[in-house]
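# Survey of secondary and tertiary structure
Below are the chains, spelled out letter by letter.
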Amino acid sequence: MRKLREEYPLIVFSKSYCPFSTKAKKLLETYNLSPPPKIIEVDLRDDWDFIKLILTRLTDHSTFPNIILNGQELGGSDDLHTLRAQGKLKKMFENAGMTVREEIVKEWETQ
């Protein structure tokens, strides 16, 4: 986990078939982040049960998606959308050293 965090400020533990994971990933795409988030499709891995166990211990969050920014849990899809609605998400990404393309964010927020 530490190595991932050093390479990727934003990590999304997702399930490829989960509608909540899809919703969160679509929202993140609108920010056109650099570096892009590291998406880990847990259900496509042989060690998915171990990953879920570790994530639950580290974050107290046992469902997917599980979104982590600079080692701190942001929560799931609903949490991510709430942060966006509160106008906090862009600043959180910037504070984590990520670049955000503003025009894409504004376009999403006006929909």
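This text gives an overview of the structure that appears in the document. (Residues numbered from 1 in each chain as written. Predicted model: local features only at pLDDT ≥ 70, side-chain atom pairs only at ≥ 80, totals over all residues. Heavy atoms only, no water.)

### Some points on the sheet that holds strand β2 (residues 38-41)
Convention followed: We call two strands paired when DSSP finds no fewer than two bridges between them. By definition, any uninterrupted DSSP run of H or I lasting at least four residues is a helix, any uninterrupted run of E lasting at least two residues is a strand, and each is numbered from the N terminus. Axis geometry follows a simple rule: fit a line to the C-alpha atoms, using only the stretch in contact for helices, then measure angles between N-to-C directions, giving values from 0 to 180 degrees. When checking whether two residues touch, look at their non-hydrogen atoms; a contact exists if any pair is within 4.5 Å.
Here 4 strands make up an open sheet; going across it, the order is β2-β1-β3-β4 and the pairing mixed. Single-partner strands in this sheet number two, and they are β2 and β4 (72-75). Within the sheet, the average angular offset between the axes of one strand and its neighbour, ignoring direction, is 25°. Two elements, strand β1 (residues 10-14) and strand β3 (residues 66-69), share 4 bridges in a ladder whose sense is antiparallel. Bridge pairing links L10 to L69 in β3. Relative to β1, helix α2 (residues 19-30) is tilted by about 155°, and along the sheet it contacts β1, β2 and β3. In the packing of helix α3 (residues 48-59) onto the sheet, the strands contacted are β1, β3 and β4, and the crossing angle to β3 comes to about 55°.

### Brief notes about a nonpolar patch on the surface
Inclusion rule: Like-charged residues within 9 Å of one another, or nonpolar side chains (Val, Leu, Ile, Met, Phe, Trp, Tyr) within 5 Å, are grouped into patches, provided each residue has over 30% relative accessible area and no salt bridge. The method behind every accessible area is Shrake-Rupley, applied with a 1.4 Å probe, and residues are considered shielded solely by the protein chains displayed. Salt bridge, as used here: a side-chain nitrogen of Lys or Arg that lies within 4 Å of a carboxyl oxygen of Asp or Glu. Classification of residues uses two cut-offs on accessible area relative to the type maximum, computed with a 1.4 Å probe and protein chains only: under 20% is buried, over 50% is exposed, and between them is partly exposed.
Among the surface-exposed residues, F50, L53, I54 and L58 lie close enough to one another that they form a single nonpolar patch of about 370 Å² accessible area. Locating L58 in the fold gives a position in helix α3. For L58, a relative accessible area of 56% translates into the label exposed.

### Regarding the environment of A96
With respect to the helices and strands, A96 occurs in the loop between α5 (89-95) and α6 (102-109). According to the relative accessible area criterion, A96 is buried, its value standing at 14%. Taking the C-alpha atoms as reference points, A96 and Y8, separated by 88 residues in sequence, lie 10.0 Å from one another.

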